[in-house]
Amino acid sequence: MATHSNHAIDLPHTFDAVQTVEQRYSTGIYSKRPLMLVRGDGAQLWDSEGNRFIDCVGGQGSANLGHANPFINAAIKTQIDALISCPEMFYHEKRAHLLQKLSAISGMQRGFLCNSGTEAIEAALKFARILTGRREVIAAMRGFHGRTMGALSATWEKKYRLPYEPLVPDFKHVPYNKLAALEKNISRNTAAVLLEVVQGEGGVHPGTPDYLQGVQALCREHGALLILDEVQTGFGRTGKMFSYQHHDLSPDILCLAKSIAGGVPMGAALLAGHLEQLPPMSHGSTFGGNPLACAAGLAAAEFLEREKLVERTAAMGAWFKEQLSTIQSPIIREVRGLGLLIGVELKQKVAPYLSQLMEHGVLALSAGMTVMRFLPPLVIRKDELAQVVEAVRSVLHPDG
Ligand SMILES: *Cc1c(COP(=O)(O)O)cnc(C)c1O
């Protein structure tokens, strides 16, 4: 029933009540799972009924460093007591430290800080246009880059795009991992080619070394910028700090977000040293580079290095993929991925199997209609990954 604003509102606490209220007051754009989460620790989550889950959703890739990470939390708490708001018209120590750190770990020179992946892509698109004086952007089929109008123009999936047309003009899509198609389309009018090194949402498809090297060469030849979207693959996810390091690429612009700040909202578009500085006032963000996110981002980078999480992810990811590959199931088409970004492609729709996994205490994602996707926090333990493998085995191979 409607409640008058001058009366205290009854706050819902039980799962049923919370579900009812969220359904009534939220937009309906999310398809929800029947679970209310209350707490996390490392790679585990607890729901309102006290059930424990192994988390292979990982905040959709934003929780690489694990839930309730004490090192990140301490940095956040300290910063909260000092200062949260400090727009970039003022200098801030943590921002300076973070920019320096991002440059050191990526080899890029300058960074624009923002608050999400889609904003990092928007920035990259604007920077590419202003730096080249050209308009055309070439992206890939099955690519995903976000949902604001510019990033959406680069995203392939029609069901995300069609309701919002007209989108930004001068965007083209070419097949991924097919160099000849790009060669046919790239020209002196191309401002940038925008790609993921491993297509995440599009079904966990790693780019081949020859293709990615070839794309970079074509960009150089035509004076187009190479923008790599490492929003999902960055910060150790694929077993390298950034996935382009598997292929010795040197992007002109690198887009980051998701796990950049240990789960605190943040994004970044990093620019290579050979690019000119941008004109004053050509872009901006109120929250961009705020001290809270910068302190969290700095702690996140320090934690990754201190715990050698990148190397650990390479080893754990290889082991996990190998274990999943041993599952004998007529439903599995292919197991693929890099590091701890793993997809199991099924010959059937994946949704019912995700629900069954949940009943076995494992939370996982889909990537498209048929791919089961695992994005666990990189701190996940081997025995937890083994439990995931057993859950997948019993769900996909009911006879054991
Ligand atoms: C998640 C994602 C985005 C969008 O990030 P948001 O923070 O949700 O805006 C962009 N690109 C890739 C590759 C992603 O995985």
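Residues numbered from 1 in each chain as written. Predicted model: local features only at pLDDT ≥ 70, side-chain atom pairs only at ≥ 80, totals over all residues. Heavy atoms only, no water.

K.L.:
Which parts of the structure should I look at to understand the sheet that holds strand β3 (residues 52–55)?
P.N.:
Strand pairing within a sheet occurs via backbone hydrogen bonds; the two strands may be parallel or antiparallel. Pairing within the open sheet is mixed, and its 4 strands lie in the order β1-β2-β3-β15. Among the strands making up the open sheet, the edge pair consists of β1 (37–41) and β15 (362–363). In this sheet, strand β2 (residues 44–47) lies alongside β1 in antiparallel orientation, the contact comprising 4 bridges. The residue of β2 that forms the bridge with G40 is L45. Helix α13 (residues 382–396) contacts β2, β3 and β15 of the sheet and is inclined by roughly 95° relative to β3. (Pairing = 2+ DSSP bridges. Helix = DSSP H or I, 4+ residues; strand = E, 2+ residues; numbered from the N terminus. Contact = heavy atoms within 4.5 Å. Axes fitted to C-alpha atoms, helices over the stretch in contact; angles between N-to-C directions.)

K.L.:
Hey, could you run me through α13 in this one?
P.N.:
For an α-helix, the turn length of 3.6 residues means that residues three or four places apart are oriented alike. The first and last C-alpha atoms of α13 sit 21 Å apart over 15 residues, in line with the 21 Å expected at 1.5 Å per residue. Of all the positions in α13, only E384, L385, V388, V389, A391, V392, R393, V395 and L396 are classed as buried. (Expected span 1.5 Å × (residues − 1). Buried < 20%, exposed > 50% of the residue type's maximum accessible area, 1.4 Å probe, protein only.)

K.L.:
What exactly am I supposed to notice about the environment of V350 here?
P.N.:
In this structure, V350 sits in the loop between β14 (341–346) and α12 (351–359). V350 sits 71 residues away from P279 along the chain, and the two C-alpha atoms are 47 Å apart. Ignoring sequence-local partners within four residues, the contact set of V350 consists of S366, G368, M369, T370, V371 and M372.

K.L.:
What exactly am I supposed to notice about the pattern of salt bridges here?
P.N.:
Pairs may arise between side chains of opposite charge once their charged atoms sit close together. Summed over all chains, the structure comprises 14 salt bridges. Salt-bridge contacts for K101 lead to E305; the nearest nitrogen and oxygen are separated by 2.7 Å. One end of the pair, K101, is in helix α4 (residues 93–106); the other, E305, is in helix α10 (residues 291–306), with 204 residues separating them in the sequence. With a closest N to O distance of 2.8 Å, D170 and R135 form a salt bridge. On the criterion of sequence distance, the pair formed by D170 in the loop between α7 (158–161) and β6 (171–174) and R135 in the loop between α5 (117–132) and β5 (136–140) is long-range, its members being 35 residues apart. You can call D170 partly exposed: its relative accessible area is 33%. By sharing partners, the salt bridges in this structure join R333, E334, R336 and E345 into a single network. (Salt bridge = Lys/Arg side-chain N within 4 Å of Asp/Glu carboxyl O.)

K.L.:
How should the packing of helix α3 (residues 70–82) against α10 be read in this particular structure?
P.N.:
Two quantities define a packed helix pair, namely the angle between the axes and the distance from one axis to the other. Axis separation between α3 and α10 bottoms out at 9 Å; the angle between their running directions is 155°. Classified by the interaxial angle, the pair formed by α3 and α10 is roughly antiparallel. For the pair α3 and α10, the sense of crossing is right-handed. Counted together, F71, I72, A75, I76, Q79 and I80 of α3 and P291, L292, A295, A296, A299, A300, E302, F303 and R306 of α10 form the full contact between these two elements. Grouping the amino acids of the contact of α3 with α10 by side-chain chemistry returns 12 nonpolar, 1 polar and 2 charged. (Parallel < 35°, antiparallel > 145°, perpendicular 65-115°, else oblique. Left-handed = near helix turned anticlockwise from the far one by under 90°. Nonpolar A, V, L, I, M, F, W, Y, C, P; charged D, E, K, R; others polar.)

K.L.:
Honestly, the environment of M149 in this entry has me stumped. Any pointers?
P.N.:
Tracing the chain through its elements places M149 in helix α6 (residues 149–154). Exposure remark for M149: the relative accessible area of 41% places this residue in the partly exposed category. Spatially, the C-alpha atom of M149 lies 26 Å from that of R373, the residues being 224 residues apart in sequence. Every residue in contact with M149, bar those within four places of it in the chain, is listed here: E122, Y164, P166, L167 and V168.

K.L.:
What am I meant to see in the sheet that holds strand β17 (residues 371–374) here?
P.N.:
Here 4 strands make up an open sheet; going across it, the order is β13-β14-β17-β16 and the pairing antiparallel. Strands at the two margins of the open sheet, each flanked by one partner only, are β13 (332–338) and β16 (365–367). Here the strands of the sheet are splayed against their neighbours by 30° on average, with no regard to which way each runs. The sheet contacts of α12 involve β14, β16 and β17, and relative to β17 the element is tilted by about 40°. On the sheet, α13 packs against β13, β14 and β17 and is oriented at approximately 165° with respect to β17.

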